[in-house]
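# Secondary and tertiary structure notes
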Amino acid sequence: MQTLCIVIPVFNEADALVENLEHIIARIGQLDGVRLRLLLVNDGSDDNTVTVAQALCEKYPQLSLLSLNRNFGKEAAILAGLNHVKDDAVVVMDSDLQHPPELVAQMVALWKSGVQVVEARKISRPSQSVAYRLMASIFYSTFDTLTRMDLRNHSDFKLLDRAVIDAYCALPERGRFFRGLIHWMHFSAATVPFEEPQRERGHSKWGAAKLLSLSWQSVSSFTSLPLHLVTVMGLFTFLVSMTLGGKALYDKLSGQALDGFTTVILLLLIIGSVLMFSLGLVGSYVARIYDEIKARPVYLVDEKNSRLPDD
Ligand code: UDP
Ligand code: MG
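Residues numbered from 1 in each chain as written. Chains lettered and ligands numbered in written order. Predicted model: local features only at pLDDT ≥ 70, side-chain atom pairs only at ≥ 80, totals over all residues. Heavy atoms only, no water.

Within the structure, ligand 1 sits among 18 residues, and Glu13, Asp43, Asp96, Ser204 and Lys205 are positioned closest to it. Interatomic distance of 2.7 Å between a backbone N/O atom of Pro9 and an oxygen atom of ligand 1. Interatomic distance of 2.9 Å between a side-chain N/O atom of Gln98 and an oxygen atom of ligand 1. When the free accessible area of ligand 1 is taken as 530 Å², the share hidden by the protein chains comes to 95%. Taken together, the residues that form the shell around ligand 1 break down as four nonpolar, five polar and nine charged. (Near = heavy atom within 4 Å. Polar contact = N/O pair within 3.5 Å; in protein donor to acceptor, adjacent residues only side chain to side chain. Areas by Shrake-Rupley, 256 points an atom, 1.4 Å probe, with all protein chains shown as cover. Nonpolar A, V, L, I, M, F, W, Y, C, P; charged D, E, K, R; others polar.)

In terms of nonpolar packing, the biggest core is built from 37 residues, with Leu4, Ile6, Val104 and Leu159 touching the most fellow members. Within the residue set of this core, elements represented by two or more residues are strand S1 (2–10), helix H1 (14–28), strand S2 (34–42), helix H2 (49–59), strand S4 (89–92), helix H4 (103–112), strand S5 (117–122) and strand S7 (189–194). Ranked by residue count, the leading element in this core is H1, at six residues. Residues contacting Ile6, with those up to four places away along its chain left out, are Ile28, Leu36, Arg37, Leu38, Leu39, Val91, Met93 and Val104. Core analysis: the next-biggest nonpolar cluster, separate from the first, contains 34 residues, Val41, Ala80, Ala167 and Ile182 among them. (Core = buried A, V, L, I, M, F, W, Y, C linked by side-chain atoms within 4.5 Å. Buried < 20%, exposed > 50% of the residue type's maximum accessible area, 1.4 Å probe, protein only. Helix = DSSP H or I, 4+ residues; strand = E, 2+ residues; numbered from the N terminus. Contact = heavy atoms within 4.5 Å.)

Every protein donor of the magnesium ion (ligand 2) is listed here as Asp96 (OD) and Gln98 (OE1), and their distances to the metal cover 1.9 Å. A single burial state applies to Asp96 and to Gln98, both of which are buried. (Donors = N, O, S within 2.8 Å, 3.2 Å for Na, K, Ca; no water.)

In this section: the packing of aromatic side chains. Aromatic rings in a pair are described by how distant their centres are and how their planes are angled relative to each other. All told, the structure shown has eight aromatic pairs when counted by the stated rule. Between Phe177 and Phe222, the ring centres sit 6.3 Å apart and the planes meet at 75°, which makes this aromatic pair edge-to-face. With a gap of 45 residues between them, Phe177 in the loop between helix H6 (162–170) and helix H7 (178–185) and Phe222 in helix H8 (residues 208–222) connect regions that are remote in the sequence. Each member of the pair, Phe177 as well as Phe222, is classed as buried. Each residue in the set Phe139, Tyr140, Phe143, Phe177 and Phe222 is aromatic and connected to the rest through ring pairs, giving one cluster. The positively charged end of Lys210 is found above the aromatic ring belonging to Trp206, 5.0 Å away from the centroid. In this arrangement the basic side chain of Arg296 is found over the ring face of Trp184, its NZ or CZ atom lying 5.2 Å from the centre. (Phe/Tyr/Trp six-rings, centres within 6.5 Å; stacked < 30°, edge-to-face > 60°. Lys NZ or Arg CZ within 6 Å of the ring centre and 35° of its normal.)

Tracing the backbone shows His154 in the loop between helix H5 (130–147) and strand S6 (158–161). Its relative accessible area of 1% is what places His154 among the buried residues. Setting aside its immediate chain neighbours within four residues, His154 contacts Glu119, Arg121, Lys122, Arg179 and His183.

Applying the stated rule across the entire model yields zero disulfides. Sulfur of Cys57: no disulfide; nearest cysteine sulfur belongs to Cys5 and is 11 Å away. The closest cysteine sulfur to the non-disulfide-bonded Cys169 is located on Cys5, 12 Å from its own sulfur. Classification of Cys169 as partly exposed rests on a relative accessible area of 22%. (Disulfide = S-S within 2.5 Å.)

Quick look at the pairing of S4 now. Of the two faces of S4, the one carrying Ala89 and Val91 and the one carrying Val90 and Val92 are both buried. Where S1 and S4 come together, four bridges link them in parallel fashion. Paired with Cys5 across the strands is Val90, a residue of S4. (Pairing = 2+ DSSP bridges.)

Attention shifts here to H2. Listed as buried for H2 are Thr49, Val52, Ala53 and Leu56. On an axial view of H2, the arc spanned by its buried residues comes to 95°, and they lie on one face. Where H2 is buried, its residues touch S1, H1, S2 and strand S3 (63–67). (Arc of directions from axis to C-beta.)

What follows deals with the pattern of salt bridges. Considering all chains together, one arrives at 19 salt bridges under this definition. Taking the shortest distance from any N to any O, the salt bridge between Asp156 and Arg179 comes out at 2.8 Å. In this pair, Asp156 is assigned in the loop between H5 and S6 and Arg179 in helix H7, connecting sequence segments 23 residues apart. A residue is classified by how much of its surface remains accessible, and Arg179, at 16% relative accessible area, is buried. Each of Glu13, Asp96, Arg199 and Lys205 takes part in a single network of salt bridges with overlapping partners. (Salt bridge = Lys/Arg side-chain N within 4 Å of Asp/Glu carboxyl O.)

Written out as structure tokens, the structure is:
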């Protein structure tokens, strides 16, 4: 019998965990021909989430708990969970019921039909303020423009097949962006839509500063385009220098320039554009070093559709 594990990162959810988890277990219900397990990943909570989780583990034999030393962030908690499960598939889900557990049955059906990634996509997110939605929209359009990956309405609520989990865990990079990387790996995927309800218990753990830092980390781990912009700016300053330099020379030759002024202008322009250019050049090497250090695989093999010679 195949097994499925629901991986749930939790951070300071003591007040809401019992009710939410009981809801999750009840609402997922029985899955046809699949044994269900659940793993709570406590992301270094400083309330009594651990005690509550341990009590829940006593009550539900299918539930396990993995506890991190301190709060490493949701990305790290997801990776820790994926690293520790051995099941045939995993569903990553928030603990706050904003990811409807009823969808799991539908996701499992798609997985059984051969799909390796089932992504639950948000239809709308009415619970968020206008300011939040505006920021999110700016982030996703910048991300899309810079990386050519449209992640609008994507969520971390995903089912992953064993092959995807193995590939994800084998990636050597440290700063991870789960949604982006799963999309980048491009395993066969299906989507299921869902309407995200409001969080009923507890409150969101993301402050503005944490979100901004996550946004920059996500963009910078997928593109070094901002570094290359310096080269473009260098080119632009060089063109401006040529024009201004030409004009300064013309003034000098036609006797309209003050003594010594032309030399100063020309030096300023030349030094300015050479500096910009050099910075851009250094930037492009830094970008390459960054890419190499991430050590992302150059390719991934589609095992289902490959037939290799026996050795
Ligand atoms: N979470 C976590 N570590 C963190 C922040 C959040 O494990 O540093 C968990 C949290 O307990 C919840 C899930 O990630 O189960 C989603 O968090 P939240 O509801 O605060 O985020 P939002 O829904 O606002 O994106
Ligand atoms: Mg939430």
